[in-house]
Amino acid sequence: MKKSIGKKVMGVLLFLEIVLILVCLLNMSALKYIRGYSNDIRTGITSLEEAGAAGDEAAIQSVQADVEQTLNHIVLRINGTYSFNIALIVIIFVLMGIVFTITNRTIVLPAKNADKQLQEIVTDIENNHIDLTKRIEIRSQDEIGQLVDGINGFMVALQDLVR
């Protein structure tokens, strides 16, 4: 199957982009909950002021307990978001490692291998050890494989010319 290097790279970038968008959406969702708690605190403060003005000690204690509970929810959400972000950082590093490995195996190593074999052929020719039957092994059908195929075709043409 012929798959170009550009398509491989674009596929990886698209995947990472989708992951990062999902991360942002999940963080925004957590922040939305925290923002909602701020309204609860405002309501509690207003109730506390009213109870204080009325001198209602039971209402003051009830409002203080509600505000404390809301603050505990906020801290819980913030801690959860913090833990979630740490987990996402770890996941992103793992994904980056996978992407690096795949890119290295499908793009970098074939290019380095072809370059090494071509350098050996060129060095042999420069040292008057001309062997036009040598070929570079084609390991992929992408642009690197096409380039290698072109070099092998050139070697065949030179071999035919010398005969």
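Right, let's walk through the structure included here. Along each chain, the written sequence defines residue order, and numbers are assigned to residues from 1. The predicted origin of the model limits local features to residues at a pLDDT of at least 70 and limits the giving and counting of side-chain atom pairs to 80 or more, whereas totals for whole chains, interfaces and linings rest on all residues. Processing note: side-chain calculations cover all non-hydrogen atoms of the structure and skip hydrogens and water entirely.

1. Details of the packing of helix α1 (residues 5–54) against helix α2 (residues 57–126)
Angle between the axes and distance between the axes are the two parameters that describe a pair of packed helices.
Reasoning step 1: Where α1 contacts α2, the axes come no closer than 9 Å and their chain directions differ by 175°. Accordingly, the angle class assigned to the pair α1 and α2 is roughly antiparallel.
Reasoning step 2: For this classification, the nonpolar set comprises Ala, Val, Leu, Ile, Met, Phe, Trp, Tyr, Cys and Pro, the charged set comprises Asp, Glu, Lys and Arg, and every other residue, Gly included, is treated as polar. Of the residues contributing to the contact of α1 with α2, the split by class is 28 nonpolar, ten polar and three charged. Angles here are taken between N-to-C directions and fall from 0 to 180 degrees, while the axes themselves are lines fitted to C-alpha atoms, restricted in helices to the stretch in contact. For helices the rule is a DSSP run of H or I covering at least 4 residues; for strands it is a run of E covering at least 2, with both sets numbered from the N terminus onward. An angle counts as roughly parallel when it lies under 35 degrees, as roughly antiparallel when it exceeds 145, as roughly perpendicular when it falls between 65 and 115, and as oblique in every other case.

2. As for unusual backbone geometry
Reasoning step 1: Residue asparagine 128 is not a glycine yet carries a positive backbone phi of 60°.
Reasoning step 2: Along the polypeptide, asparagine 128 turns up in the loop between α2 and α3 (143–162).

3. Section: the environment of leucine 161
Reasoning step 1: Following the sequence through the fold, leucine 161 ends up in helix α3.
Reasoning step 2: For the pair formed by leucine 161 and valine 148, sequence separation is 13 residues and the distance between their alpha carbons is 20 Å.

4. Some remarks on the side chain of threonine 81
Reasoning step 1: Within the secondary structure layout, threonine 81 lies in helix α2.
Reasoning step 2: If we ignore the near neighbours within four places in the chain, the residues touching threonine 81 are Asn27 and Ala30. Residue contacts are defined here by distance: any two heavy atoms, one from each residue, within 4.5 Å place the two residues in contact.

5. Section: a nonpolar patch on the surface
Reasoning step 1: Only residues whose relative accessible area exceeds 30% and that take part in no salt bridge are eligible for patches, with like-charged residues grouped when within 9 Å of each other and nonpolar side chains (Val, Leu, Ile, Met, Phe, Trp, Tyr) grouped when within 5 Å. Only the protein chains shown count as cover for residues, with accessible areas throughout obtained via the Shrake-Rupley method and a probe of 1.4 Å. Between Lys or Arg on one side and Asp or Glu on the other, a salt bridge is scored when a side-chain nitrogen of the former is within 4 Å of a carboxyl oxygen of the latter. The grouping of Leu14, Ile18, Ile21, Leu22, Leu25 and Met28 at the surface amounts to a nonpolar patch, some 580 Å² of accessible area in total.
Reasoning step 2: Among the structural elements, leucine 25 can be located in helix α1.
Reasoning step 3: We classify leucine 25 as partly exposed; its relative accessible area is 47%. Whether a residue is buried, partly exposed or exposed follows from its accessible area with a 1.4 Å probe, protein chains only, as a fraction of its type maximum: under 20%, in between, or over 50%, in that order.

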